[in-house]
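Architecture and fold: a report
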Amino acid sequence: MSPSSSAKGRILVKDDNDVVIVAAIRSALTKSKKGGFKDTRPEEILSGVLRAAYTKANLDPALIEEVAVGNVLPPGGGATAARMAALHSGIPYTTPLNTVNRQCSSGLAAVNQVANQIAVGQISIGIGAGVESMTFGWGSGSIPDGWSESVLTNKEAEDCLIPMGITSENVAAEFGISRERQDEFAAQSFQRAAAAQKAGKFKDEIVPLRVKITDPKTEKVVEIVVDADDGIRDGVTSASLAKLKPSFKKDGSTHAGNASQVSDGAAAVVLARRSTAKRLGLPIIGKYVAASVVGVPPRIMGVGPAYAIPKVLEKVGLSTNDVDVYEINEAFASQAIYSIEKVGISFDKVNVNGGAIAFGHPLGCTGARQIATGLNIARQRGERVFVTSMCIGSGMGMAAVFVSEH
């Protein structure tokens, strides 16, 4: 047996001290300022997802000992709004909460925090979640009105202010990722997502939420149920994407069709110590294994997964082939392609139901959303080990290993 195969065998073994997942769900992801959540505040989306998560696990909310919520854009880190969401969801005031902002990995950072709290014995049950309303949060209001001139004399510090789209152009130029390849990758993301949506493959990971929406033409307020990602478009091809103009540089290759959509949504993962889950009769659907975070040059921040994935695999002793499915955030096609090829992963294993280019990237939500999606895919395909990863604004990458116990 090879060392990596024996490592895979080890992580599949069940132990009472394991950190397990008893529920992992998300809202639909909807288009910012246009989609189903355009008139819904983030705390309302988060509340609905939190309630659905502990309800799905048949868990008494009074037993939840911690809630951590990834959130990026709101003033004050969204801390008050997240606490309000938890209380509104039926989680009692005795359960503490914090928000965490590691930019695009915030949802995964929240899950990692709770998993570690369980691992070291601080708590036995907690929720790691993520939320973002880019409708209400995206824009100049989330950016400081100035920066220290002294700090800006450091080149790498200054590079942290490079617009994300330009970092994508930097990756494409530096590593020779052509416009054609980016458009082919993006088209495949749309095609996979459209096929998955038609086949009902997202239904088990999405909780339908009833919200109010204002018709922009009549200004009439109506109640709707948001239960499907509304950014997914059928019939997208690399030829149709080739017609779009570059968004960030006149001669660039990044555009609206091969970059992640600006979206609204939330996701939540309920974690517990295995012995506690067994004692309470909670449905164990997966296991947290490990996570790693790395730093990379801010000017090419999108390469983060290319270094975070090998680090977490080395930590656990796995090879890339030991992993059955990868969920890698498609911030931009350029960085996703580079990261997948740099690590040496088959594209057939990555984002098999499409990715953020097709259905969106609500910043704080994505890290938790990918876990719900990964568990759902593993169950549908009868597979066990999956890895999630994403690049992080200002130059970082995060990756984590999970096991499905469907």
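These numbers were taken from a predicted model, which means no experiment stands behind them. (Residues numbered from 1 in each chain as written. Predicted model: local features only at pLDDT ≥ 70, side-chain atom pairs only at ≥ 80, totals over all residues. Heavy atoms only, no water.)

Focus: the packing of helix α7 (residues 164-175) against helix α12 (residues 333-343)
Packed helices, taken two at a time, are described by their axes: the angle between them and the distance between them. One way to put it is that α7 packs onto α12 with a least axis distance of 8 Å and a crossing angle of 45 degrees. On the basis of the axis angle, α7 is oblique to α12. Where α7 crosses over α12, the handedness of that crossing is left-handed. Residue-level contacts link Ser168, Val171, Ala172 and Phe175 of α7 to Ser334, Gln335 and Tyr338 of α12. Residues of the contact of α7 with α12, tallied by class, amount to four nonpolar, three polar and no charged. (Axes fitted to C-alpha atoms, helices over the stretch in contact; angles between N-to-C directions. Helix = DSSP H or I, 4+ residues; strand = E, 2+ residues; numbered from the N terminus. Parallel < 35°, antiparallel > 145°, perpendicular 65-115°, else oblique. Left-handed = near helix turned anticlockwise from the far one by under 90°. Contact = heavy atoms within 4.5 Å. Nonpolar A, V, L, I, M, F, W, Y, C, P; charged D, E, K, R; others polar.)

Some points on unusual backbone geometry
Excluding glycine, most residues fall at negative phi; most peptide bonds, likewise, are trans. Phi is positive for Asn351, which is not a glycine, with a value near 50 degrees. Looking at where Asn351 falls in the secondary structure, it is placed in the loop between α12 and α13 (356-359). The backbone of Ser394 shows a phi angle near 85 degrees, a positive value even though the residue is not glycine. With respect to the element layout, Ser394 can be found in the loop between β11 (385-392) and β12 (396-404). Relative accessible area serves as the criterion here: at 23%, Ser394 is assigned to the partly exposed category. (Buried < 20%, exposed > 50% of the residue type's maximum accessible area, 1.4 Å probe, protein only.)

A short note on the environment of Leu29
Here Leu29 lies in the loop between β1 (19-26) and β2 (30-31). Distance from Leu29 to Ala266, taken between C-alpha atoms, is 7.8 Å for residues 237 residues apart in sequence. Residue contacts for Leu29: discarding those within four places in its chain leaves Ala228, Asp229, Asp230, Gly231, Asp264, Gly265, Phe359, Gly360, Pro362, Cys365 and Arg369.

As for the pairing of β1
β1 sits mainly inside the fold: eight of its eight residues count as buried. Where β1 and strand β8 (residues 263-273) come together, seven bridges link them in antiparallel fashion. Note that in β8 the partner of Ala23 across the bridge is Val270. Across three bridges, β1 lies against strand β9 (residues 286-295) in antiparallel orientation. Looking at β9, one finds that Val19 is bridged to Tyr288. (Pairing = 2+ DSSP bridges.)

Comments concerning the pattern of salt bridges
Inspection of every chain in the model, using the stated rule, returns 17 salt bridges. Residues Lys287 and Asp18 are paired through a salt bridge, measuring 3.6 Å at the closest nitrogen-oxygen approach. With Lys287 in strand β9 and Asp18 in the loop between α1 (3-12) and β1, the pair connects residues that are 269 residues apart, well separated along the chain. Asp18 shares its class with Lys287; the two are buried. Between Glu383 and Arg381 there is a salt bridge whose closest N-O contact spans 2.9 Å. (Salt bridge = Lys/Arg side-chain N within 4 Å of Asp/Glu carboxyl O.)

Overview of the pairing of β9
β9 sits mainly inside the fold: seven of its ten residues count as buried. Here β9 runs beside β12; their pairing, made up of nine bridges, is antiparallel. Bridge pairing in β12 links Val294 to Gly397.

Let's talk about helix α3 (residues 79-88)
All of the buried residues along α3 are Ala82, Ala85 and Ala86. All buried residues of α3 lie within an arc of 95 degrees about the axis, which places them on one face of the element. Exposed side of α3, more than 90 degrees from the buried face: Thr80 and His88 are the residues found there. Of the surrounding elements, those touching the buried residues of α3 are α2 (42-56), β3 (67-70) and β4 (97-100). (Arc of directions from axis to C-beta.)

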